[in-house]
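Here is how the chains run, residue by residue.
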Amino acid sequence: MIKRTKVASAINLAIVTSITTGVFVTSSAFAAEETAKVERIEVTGSRIQRQDMETASPVTVIDAAAIKAEGFTSVDQMLQVQTSMAGAAVGSSTNNGADGVAQVDLRGMGSQRTLVLLNGRRMVNSGSGADSSVDLNSIPVAMIARVEILKDGASAVYGSDAIAGVVNIITKKDFEGFQFDFNGSGTDKGDGESGDVSALYGFNTDGGNYTFGAAYSDRRGVIQSDRDWTEPGASSFIPEGTLGGKVQDANGNWVDRPYGYDFTQDSYYQTPSERRSLFANMTQELGNDVVLTADAIYTNRRSNQQMAAQPADIMLNVCGAAGVPAGAPCVTLDSDMLAAGIKADEKGLVNYRRRTNDVGPRIYTQDTDTWRLSGGLAGTLDVHTGMNWDVTYTYGKNQAKTAVENSINASDMATSIYANPDAWFSGDPLTQQMKNDIGYTEEAKGGNEQQTLSAGLNGELFDLSAGAVGFAIGAEYRRESGFYTPDDVVIAGESTSAQQDPTNGNYNVISIFQEVSVPFTEKLTGEFALRLDDYSTFGKATTWKIGLTYAATDDLMVRTVAATGFRAPSVSELYGGNSGSYDYLDDPWGNAQDPQILVNRTSDPDLQPEESESYTAGLVYSPSYVDGMSVTLDYWRFKVDNAIARMDTQAGLDACYAGDATACETFNIGPNGDLDNLTNALTNVGTQDTSGIDFNLAYSFEGLGLDWKINNDTTYLINFEQDGEDYTGTIDGNFGAYARVRNNFSISAGQDDWSVMYFNRYIGEMTDLALGTDVDSILYHNISGTYHINDMTSVSLGVKNFTDEKPVTVSNGSDGGTVPEVYDTIGRTIYGGVTVKF
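Residues numbered from 1 in each chain as written. Predicted model: local features only at pLDDT ≥ 70, side-chain atom pairs only at ≥ 80, totals over all residues. Heavy atoms only, no water.

**Digging into the overall build of the protein**
Move 1: The helix and strand inventory of the protein stands at 12 helices and 44 strands.
Move 2: Taking 838 residues into account, the globule formula puts the C-alpha radius of gyration at 28 Å, and the protein, at 29 Å, falls close to it.
Move 3: Taking the principal axes of its C-alpha atoms as reference, the protein extends roughly 95 × 55 × 50 Å.
Move 4: Classification of the 838 residues of the protein by burial places 56% in the buried group.
Move 5: A fraction of 70% describes how many contacts in the protein between residues 6 or more apart in sequence connect residues 24 or more apart.
Move 6: Counting only carbon and sulfur atoms, one obtains 52% of the accessible surface of the protein, whose full area is about 33900 Å².
Move 7: Looking at charge distribution, the protein has the averaged site of its 57 positive side-chain charges lying 4 Å from that of its 111 negative ones. (Helix = DSSP H or I, 4+ residues; strand = E, 2+ residues; numbered from the N terminus. Rg over C-alpha atoms; globule rule 2.2 N^0.38 Å. Buried < 20%, exposed > 50% of the residue type's maximum accessible area, 1.4 Å probe, protein only. Contact = heavy atoms within 4.5 Å. Areas by Shrake-Rupley, 256 points an atom, 1.4 Å probe, with all protein chains shown as cover. Lys, Arg positive; Asp, Glu negative; His and termini not counted. Charge placed at Lys NZ, Arg CZ, Asp CG, Glu CD.)

Spelled out as structure tokens, the structure:
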């Protein structure tokens with residue numbers, strides 16, 4: 001079940017934490033009225049300790065029981081089903097380009113605009129190197145006690161990246177005893193198996209607790225062509241090879257190339273991944289009201305993806321053609337080729353394309369290690385004034401080794417063709433020697449490092465007639481660095497993949513922040529935050545937040561927040577090495593022979609920060625005449641200016657062709673439409689503007705001798721615009737899904753030792769962005785149950801996508817004719833688990 005914050009007098013949720021660790025312990029439901037004293041806590045979105053969870057900011061809380069009941073085996077799976085998510089965050093279903101990472105995309109504004117915290121502190125970015133987001137695979141589900149999703153801008157509290165909101169992952173602490181968990185799942189088609197096992201051990205000391213854990217998970221792959229709803233692929237790169245767009249038939253005649261190579265037989269819907277994690281938490285009183293806290297985590301991920309064999313696109317010199325230097329290697333076009341229309345272009349080149357099936361499919365592998373160690377001291381200056389202090393240090397590091405087996409060296413392939421053109425042009429299988437000549441394993445390495453030192457003071461300044469004025473002030477130093485070193489063949493531009501240069505850089509930031517909570521009256525409370533960040537790269541950024549809560553009645557609270565935010569340019573955006581990208585473009589001069597034109601993508605060390613404004617306004621209603629019910633309704637809007645983006649390359653080509661000299665210079669287009677050095681640099685030209693409404697209904701009651709819980713989440717998207725384009729209610733493989741309506745509904749019933757739950761997830765109809773046609777809505781059904789055999793052992797069993805719904809077809813889908821990041825592409829899945837405690 002998904003718990004929502006409610007009016008404090010009604011929700012009866014007591015949560016205890018320390019400011020340095022964010023430790024949360026949930027009390028039994030509806031116990032607050034029976035609690036004589038509620039301790040002060042720190043809530044996600046604020047550093048001020050307060051007496052209840054209710055603030056001006058909307059927060060969704062997902063507990064460990066809900067994660068287990070719905071069979072989630074990774075953090076990204078759990079987050080991406082939330083109605084507040086949109087776009088297409090990469091994860092287990094992303095086979096092309098994700099390198100095995102898993103990310104969160106709150107409001108569809110981009111993973112780089114959602115801040116991920118672990119126990120209230122920043123988590124190091126992780127992935128293949130010089131990354132701009134946190135890889136959620138580095139945080140095992142076994143260590144999670146709860147996840148809090150803050151759904152408004154929080155840069156004034158946490159600094160950069162919190163434009164769309166914050167995901168705060170709280171780990172299990174204060175544990176005593178042993179706990180073992182065994183979980184497994186698989187599809188009813190006999191594939192896609194996943195399994196994980198974890199162990200948790202904790203013990204108490206005099207004034208402290210030590211908790212240790214270990215987890216192992218293994219996820220197997222699902223091939224796209226193994227699903228009957230997958231349409232066969234139709235790639236123009238074929239195993240026989242084409243010369244100038246023609247191919248030799250069985251009689252040796254040059255004919256038009258056939259289409260229809262099915263690449264789905266080599267590609268995954270679910271990518272394999274293996275993870276090993278160790279984690280620990282400790283709390284120890286040192287005396288004199290001083291507490292030492294620390295947490296540590298280490299995760300190793302070994303993942304892989306698989307795609308069809310490398311499509312090789314080689315430009316060959318034509319013997320005797322104008323523009324070909326004397327003595328340069330070349331191929332001869334015979335009379336049959338010329339008669340078929342195969343000819344050299346104005347530069348004396350002819351295009352040869354081949355799907356290198358003889359060498360084998362591309363197998364991408366990643367071996368990543370992520371460490372994080374965080375420690376802090378906290379204490380009380382004066383127990384009478386309630387002044388508290390804290391000092392923390394957090395270190396995070398990520399290292400990655402990546403490889404692509406069966407890559408093709410384009411230079412060696414050209415040499416091989418020049419040496420034996422008949423063998424290549426015939427379309428016959430390559431000899432082993434030819435395969436050895438052109439194939440190699442592409443290897444790269446990268447990493448990220450983060451260091452954060454912070455100190456703070458919080459407490460009460462003075463009393464007003466309505467209560468005490470709370471405050472928090474502090475300072476922070478943070479250093480970020482990252483690097484990525486491609487394979488030498490790629491750096492040299494000799495691979496069939498685009499050339500790429502290394503990335504290496506770092507920056508640091510010094511921050512000062514303060515918050516004040518003012519009870520103007522017994523019903524009206526104001527929350528104010530101000531933050532100053534000074535970056536070594538672009539300079540200073542100032543952000544603020546104003547929030548108000550008004551308890552109109554005992555049942556109704558009204559809340560609103562207005563805030564500014566920013567996102568600092570990442571290491572890769574500032575110092576990223578130039579990299580090539582084969583983009584689908586229309587050459588207005590007609591010089592390009594292929595719709596995929598090479599674009600050189602560059603970074604910029606002078607990039608400025610993105611700037612944002614956010615606004616939320618809503619109400620929390622918990623009617624006294626319906627015990628156990630609460631309703632929340634929130635309007636939200638986010639605007640981003642100076643977003644770091646690339647300009648529209650096609651628009652640049654068209655403008656240059658029309659005579660705009662500035663466009664020609666900006667995109668580095670040469671005379672007469674020479675696109676050899678076509679360039680698109682990162683710059684602060686992007687915009688985002690999105691708004692919508694969130695609705696939640698939660699109801700707990702007793703009936704028919706059972707304990708019932710009902711929860712319904714709805715997000716209605718009013719608007720989503722990016723860079724002047726309206727994506728509201730659309731879906732596309734490049735941008736993902738922005739459905740107007742997303743809804744999650746769950747109902748559970750239980751008694752004593754057992755409980756059952758039904759959950760459904762609705763994604764509304766959308767418009768196919770490429771075609772303008774309607775895309776049907778979809779409704780997924782999940783069923784699960786839990787039974788406690790005794791005080792030590794419990795078992796669970798469930799089915800996801802019970803009715804085996806097929807993914808919706810999208811014309812410009814990212815894979816398999818659909819968008820796997822949005823729709824379930826593996827079908828009905830059965831899962832189960834056993835938990836043993838002693």
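So much for the structure itself; the text now carries on.
**Topic: the pairing of strand β4 (residues 59–63)**
Move 1: Burial within β4 is extensive, with five of its five residues counted as buried.
Move 2: Residues V59, V61 and D63 point to one face of β4 and T60 and I62 to the other, with burial holding for every one of them.
Move 3: In this sheet, strand β7 (residues 144–150) lies alongside β4 in antiparallel orientation, the contact comprising five bridges. Directly across from T60, in β7, lies its bridge partner I149. (Pairing = 2+ DSSP bridges.)

**What about the sheet that holds strand β36 (residues 730–732)?**
Move 1: Pairing is mixed in the open sheet, where four strands are placed in the order β37-β36-β40-β41. The sheet terminates laterally at β37 (736–737) and β41 (774–775), the two strands that pair on one side only.
Move 2: Pairing of β36 with β37 involves two bridges; the strand directions are antiparallel. Looking across to β37, one finds that D732 is bridged to G736.

**A look at the pairing of strand β21 (residues 362–382)**
Move 1: Looking at chain direction, strand β18 (residues 290–307) and β21 are connected through 18 bridges and run antiparallel. Paired with T293 across the bridge in β21 is G376.
Move 2: Bridge analysis of β21 against strand β22 (residues 387–408) gives 19 bridges, and the strand direction is antiparallel. Opposite W371, over in β22, you have K397 as the bridge partner.

**Some points on the pattern of salt bridges**
Move 1: Evaluated as defined, the whole model comprises 28 salt bridges.
Move 2: Between R301 and D135 there is a salt bridge; the shortest N-O distance is 3.1 Å. Of this pair, R301 sits in strand β18 while D135 sits in the loop between β6 (121–122) and β7, placing them 166 residues apart in sequence.
Move 3: Note on R301: relative accessible area 2%, which makes it buried.
Move 4: For D135, a relative accessible area of 3% translates into the label buried.
Move 5: For E480, the salt bridge goes to R478, with nearest N and O atoms at 2.8 Å. Across the pair, exposure class does not vary: E480 and R478 are buried alike. (Salt bridge = Lys/Arg side-chain N within 4 Å of Asp/Glu carboxyl O.)

**Side note on the nonpolar core**
Move 1: Membership of the largest hydrophobic core comes to 41 residues, with the highest contact counts inside it found for V75, L79, L136 and I169.
Move 2: Of all the secondary-structure elements, those providing two or more residues to this core are α2 (64–69), α3 (75–80), β5 (114–118), β7, β8 (165–171), β32 (629–646) and β34 (706–722).
Move 3: Top element by residues in this core is β32. It accounts for four residues.
Move 4: Here L79 is in contact with M85, V104, L136, V147, I149 and V167, once residues within four sequence places are set aside.
Move 5: Counting residues in each nonpolar core, the second largest holds 27 residues, with W254, V324, V331 and I342 among its members. (Core = buried A, V, L, I, M, F, W, Y, C linked by side-chain atoms within 4.5 Å.)

**Comments concerning a nonpolar patch on the surface**
Move 1: On the surface, Y550, V558, Y615, L619, L633, Y635, I693, F695, Y716 and I718 cluster together into a nonpolar patch covering about 760 Å² of accessible area.
Move 2: When residues of the nonpolar patch are traced back to their parent elements, those giving at least two are β31 (610–621), β32, β33 (679–703) and β34.
Move 3: Within the secondary structure, I693 sits in strand β33. (Patch = residues over 30% accessible without salt bridge, like charges linked within 9 Å, V, L, I, M, F, W, Y side chains within 5 Å.)

**Side note on the state of the cysteines**
Think of a disulfide as a covalent bridge from one cysteine sulfur atom to another cysteine sulfur atom.
Move 1: The tally for this structure, following the rule as stated, stands at two disulfides.
Move 2: The partner cysteine of C319 in its disulfide is C330, sulfur to sulfur 2.0 Å. Judged by the torsion about the S-S bond (95°), the C319/C330 disulfide is right-handed. Placement of C319 in the loop between β19 (311–317) and α5 (335–339) and of C330 in the loop between β19 and α5 is noted, with a sequence separation of 11 residues between them.
Move 3: Note on C319: relative accessible area 30%, which makes it partly exposed.
Move 4: We classify C330 as partly exposed; its relative accessible area is 25%.
Move 5: For C656, the disulfide goes to C664, at an S-S distance of 2.0 Å. Where C656 bonds to C664 through sulfur, the torsion about that S-S bond is close to 100°, and the disulfide is right-handed. (Disulfide = S-S within 2.5 Å.)

**Things to note about helix α11 (residues 649–657)**
Move 1: Among all positions in α11, only T649, G652, L653 and C656 are buried. Take α11 and look down its axis: the buried residues cluster within an arc of 100°, on one side only.
Move 2: Capping the start of α11, D648 holds a side-chain oxygen 2.9 Å from the backbone nitrogen of Q650, two or three residues further along.
Move 3: Note on α11: the residue one or two positions beyond its end, G659, has a positive phi of about 110°. (Arc of directions from axis to C-beta. Polar contact = N/O pair within 3.5 Å; in protein donor to acceptor, adjacent residues only side chain to side chain.)

**Remarks on helix α6 (residues 410–419)**
Move 1: Looking at α6, one finds that the buried residues are A410, M413, A414, S416, I417 and Y418.
Move 2: Buried residues along α6 sit against β19, β20 (349–355), β22, α7 (421–425) and α8 (432–438).
Move 3: The opening residue of α6, the one whose side-chain oxygen lies 3.0 Å from the backbone nitrogen of S411, is N409.

**Remarks on the side chain of D191**
Move 1: Mapped onto the elements of the fold, D191 is located in the loop between β9 (177–187) and β10 (194–205).
Move 2: On the basis of relative accessible area, D191 is assigned to the buried category, the value being 13%.
Move 3: Reaching out from D191, the side chain makes a polar contact with the side chain of T187 at a distance of 2.6 Å.
Move 4: Those residues in contact with D191, other than ones at most four positions away along the chain, are G186, G221, V222, D226 and R227.

**A short note on the packing of aromatic side chains**
Move 1: Per the counting criterion, the structure on display carries 22 aromatic pairs.
Move 2: A cation over a ring is seen here: R353 above F237, with NZ or CZ 3.8 Å from the ring centre. (Phe/Tyr/Trp six-rings, centres within 6.5 Å; stacked < 30°, edge-to-face > 60°. Lys NZ or Arg CZ within 6 Å of the ring centre and 35° of its normal.)

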